[in-house]
Amino acid sequence: MQMFGSLDRVEEYFTIVLAHELGHAADPELPALSESLEDMNLTEEQRMRVALQIEENAWNYALELIPEADLPMMSAIIDESLYAYRLQVEEAGAEAGIA
């Protein structure tokens, strides 16, 4: 409702989000990426980049899983989903540049 102003496309929305979650389950890189999040030698920026990579991998899988999905709708959902991760990477990078 918040993104599209009505519930007319809620089933499409759920299909897209489910495809993303299946992307996590199917991601062969997920165990290694998740483990690297616990590496205390990584900087905050590096950790945020790993978290972003985990999400991007899942979205890339979703794009392949449902190629018939409405691309503008899917792009809007992906962009909204990744916004916070990208912002955290940007902020961590800026803080690293200041330090």
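Right, let's walk through the structure included here.

Basis of the calculations
- Residues numbered from 1 in each chain as written.
- Predicted model: local features only at pLDDT ≥ 70, side-chain atom pairs only at ≥ 80, totals over all residues.
- Heavy atoms only, no water.
- Helix = DSSP H or I, 4+ residues; strand = E, 2+ residues; numbered from the N terminus.
- Buried < 20%, exposed > 50% of the residue type's maximum accessible area, 1.4 Å probe, protein only.
- Contact = heavy atoms within 4.5 Å.
- Areas by Shrake-Rupley, 256 points an atom, 1.4 Å probe, with all protein chains shown as cover.
- Lys, Arg positive; Asp, Glu negative; His and termini not counted.
- Charge placed at Lys NZ, Arg CZ, Asp CG, Glu CD.
- Salt bridge = Lys/Arg side-chain N within 4 Å of Asp/Glu carboxyl O.
- Axes fitted to C-alpha atoms, helices over the stretch in contact; angles between N-to-C directions.
- Parallel < 35°, antiparallel > 145°, perpendicular 65-115°, else oblique.
- Left-handed = near helix turned anticlockwise from the far one by under 90°.
- Nonpolar A, V, L, I, M, F, W, Y, C, P; charged D, E, K, R; others polar.
- Core = buried A, V, L, I, M, F, W, Y, C linked by side-chain atoms within 4.5 Å.
- Patch = residues over 30% accessible without salt bridge, like charges linked within 9 Å, V, L, I, M, F, W, Y side chains within 5 Å.

The next thing to look at is the overall build of the chain. A tally of helices and strands in the chain yields 4 helices and 0 strands. Traced from its N-terminal end to its C-terminal end, the chain shows the element sequence α-α-α-α. A principal-axis box enclosing the C-alpha atoms of the chain has dimensions of 50 × 30 × 15 Å. Per-residue burial over the chain gives 27% buried out of 99 residues. Contacts in the chain between residues at least 24 apart in sequence constitute 68% of all its contacts with a sequence separation of at least 6. Just so you have it, the chain exposes about 6700 Å², and 56% of that area is on carbon and sulfur atoms. Of the charged side chains in the chain, 4 are positive and 21 negative; the average position of the first set lies 5 Å away from that of the second.

We now examine the pattern of salt bridges. Scanning the model with the defined rule gives 4 salt bridges in all. In this structure, the salt-bridge partner of Arg9 is Asp70, at a minimum N-O distance of 3.5 Å. In this pair, Arg9 is assigned in the segment before helix H1 (10-26) and Asp70 in the loop between helix H3 (44-65) and helix H4 (71-98), connecting sequence segments 61 residues apart. The partly exposed category is assigned to Arg9, whose relative accessible area is 30%. Here Asp79 ties to Arg86 by a salt bridge, and the two come within 3.9 Å at their closest N and O atoms.

So, about the packing of H1 against H3. Where H1 contacts H3, the axes come no closer than 7 Å and their chain directions differ by 120°. When the axes of H1 and H3 are compared, the pair comes out oblique. With respect to the hand of their crossing, H1 and H3 are arranged in right-handed fashion. For the pair formed by H1 and H3, the contact residues are Ile16, Ala19, His20, Leu22, Gly23, His24 and Ala26 on the first element and Ile54, Glu55, Ala58, Trp59, Tyr61, Ala62 and Leu65 on the second. Across the contact of H1 with H3, the residue classes break down as 10 nonpolar, 3 polar and 1 charged.

Below, the discussion takes up the nonpolar core. The nonpolar side chains of soluble globular proteins are, as a tendency, buried together. Counting 14 residues, the largest nonpolar core has Ile16, Trp59 and Met74 as the members making the most contacts within it. Of all the secondary-structure elements, those providing two or more residues to this core are H1, H3 and H4. Ranked by the residues each element gives to this core, the list is headed by H4, at 7 residues. When near neighbours in sequence (up to four residues on either side) are disregarded, Trp59 contacts Ile16, His20, Ile77, Ile78, Ser81 and Leu82.

On the surface, Glu44, Glu90, Glu91 and Glu95 cluster together into a patch of negative charge. Position of Glu95 relative to the elements: it lies in helix H4. Since its relative accessible area comes to 56%, Glu95 is described here as exposed.

Just distances and angles here, no functional claims.
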